[in-house]
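So you can see what is in the structure, the chains are spelled out below.
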Amino acid sequence: MFDDDKQKAPFLIPFVVAMAFGIPVSVVWFLIAMKVGFVATIITILLGCVCGFGARISARGRHPAEAAIMATLILILLSISVITISVLALEIAQSFLATAVAIVRPGGFTDFSNACVIVAGKTFIGYPLGLYAAYRVSDGS
C-alpha cells in the first residue's frame, strides 16, 4: 500500500560521492593542461567515468544519472575556468589570485569568457562524451 514504484533516485549522496571521486581527476586534468599544454579529451571521458562510478556505488541499486551528470558538468566547468585563469595569469605575469580578482572586477569578465572559449574549444567533442560516459557508467544494469 505504501510502496511507491515511481520513487525518485537519490541525488545528494550520489552527487557528493561523484564529486569526491571526480576531484582527483580534475586535479590531474589541470596538471596535465599546465605542464604539457593541452586539454586532453580522454581525461574528460575519464572524469565522466569516475563521476558515474562514484554515483553508482552510492545509489544502492538505483540509476543516479542526474547526480553523475551534474557532478561531471560542474567539474568540467570548474576545470576549464581554473585552467583559463592560470593561462591568463601566465600571459600577464601575475599570480592566480590577482588574476581571479581582476576577472571579478567590472570589465574583466569579457576577457575571461573569450579565453574560456579558446581553452574549452580545443577539446569540444570531449565534453559530451564525458557526460555520456557519466550517464552510462552510473547505470547499474
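What you are looking at is a predicted structure, and each value in this text was computed from that prediction instead of being measured.

1. Brief notes about the confidence of the model for the protein chain
Low-pLDDT stretches of the model should not have their predicted coordinates read in fine detail.
Turning to step 1, where the next piece is worked out: The share of residues in the protein chain with pLDDT of 70 or more is 91%, and the mean pLDDT across the chain is 86.
Turning to step 2, where the next piece is worked out: The secondary-structure element of the protein chain with the lowest mean pLDDT is helix H5 (residues 109–121), recorded at 86, while helix H3 (residues 65–92) shows the highest, at 92.

2. Focus: the packing of H3 against helix H6 (residues 126–138)
Turning to step 1, where the next piece is worked out: For the pair H3 and H6, interaxial distance at closest approach is 8 Å and the crossing angle is 150°. In terms of axis orientation, H3 runs roughly antiparallel to H6. Note on packing geometry: the crossing formed by H3 with H6 is right-handed. Facing Ala65, Ala68, Ile69, Thr72, Leu73, Ile76 and Ile80 of H3, the residues of H6 in contact are Tyr127, Gly130, Leu131, Ala134, Tyr135 and Ser138.
Turning to step 2, where the next piece is worked out: Considering only residue class, the contact of H3 with H6 consists of ten nonpolar, three polar and no charged.

3. Considering helix H4 (residues 96–104)
Turning to step 1, where the next piece is worked out: Along H4, the residues classified as buried are Thr99, Ala100 and Ile103. Across the axial projection of H4, the buried residues extend over an arc of 100°, all falling on one side. Those residues of H4 that are exposed and angled more than 90 degrees off the buried face are Leu97 and Val104.
Turning to step 2, where the next piece is worked out: Against the buried residues of H4 lie H3 and H5.

4. Re a nonpolar patch on the surface
Turning to step 1, where the next piece is worked out: Where nonpolar side chains cluster on the molecular surface, the patch consists of Phe11, Leu12, Ile13, Val16, Met70, Leu73 and Leu77 and spans about 660 Å² of accessible area.
Turning to step 2, where the next piece is worked out: Broken down by secondary-structure element, the contributors of at least two residues to the nonpolar patch are helix H1 (12–35) and H3.
Turning to step 3, where the next piece is worked out: Here leucine 77 shows up in helix H3.

5. Overview of the packing of aromatic side chains
In this description, a pair of aromatic rings is defined by centroid distance and the angle of the planes.
Turning to step 1, where the next piece is worked out: Here the structure, examined in full by the defined rule, presents three aromatic pairs.
Turning to step 2, where the next piece is worked out: Here phenylalanine 11 and phenylalanine 15 contribute two aromatic rings whose centre-to-centre distance is 5.4 Å and whose plane-to-plane angle is 15°, an arrangement assigned as stacked.
Turning to step 3, where the next piece is worked out: For the ring pair phenylalanine 109 and phenylalanine 112, a centre distance of 5.8 Å and an interplane angle of 50° mean the geometry is tilted. Here phenylalanine 112 and phenylalanine 109 lie together in helix H5, a separation of three residues that amounts to about one turn.

How each quantity is defined
Residues numbered from 1 in each chain as written. Predicted model: local features only at pLDDT ≥ 70, side-chain atom pairs only at ≥ 80, totals over all residues. Heavy atoms only, no water. pLDDT = per-residue confidence, 0-100. Helix = DSSP H or I, 4+ residues; strand = E, 2+ residues; numbered from the N terminus. Axes fitted to C-alpha atoms, helices over the stretch in contact; angles between N-to-C directions. Parallel < 35°, antiparallel > 145°, perpendicular 65-115°, else oblique. Left-handed = near helix turned anticlockwise from the far one by under 90°. Contact = heavy atoms within 4.5 Å. Nonpolar A, V, L, I, M, F, W, Y, C, P; charged D, E, K, R; others polar. Buried < 20%, exposed > 50% of the residue type's maximum accessible area, 1.4 Å probe, protein only. Arc of directions from axis to C-beta. Patch = residues over 30% accessible without salt bridge, like charges linked within 9 Å, V, L, I, M, F, W, Y side chains within 5 Å. Areas by Shrake-Rupley, 256 points an atom, 1.4 Å probe, with all protein chains shown as cover. Salt bridge = Lys/Arg side-chain N within 4 Å of Asp/Glu carboxyl O. Phe/Tyr/Trp six-rings, centres within 6.5 Å; stacked < 30°, edge-to-face > 60°.

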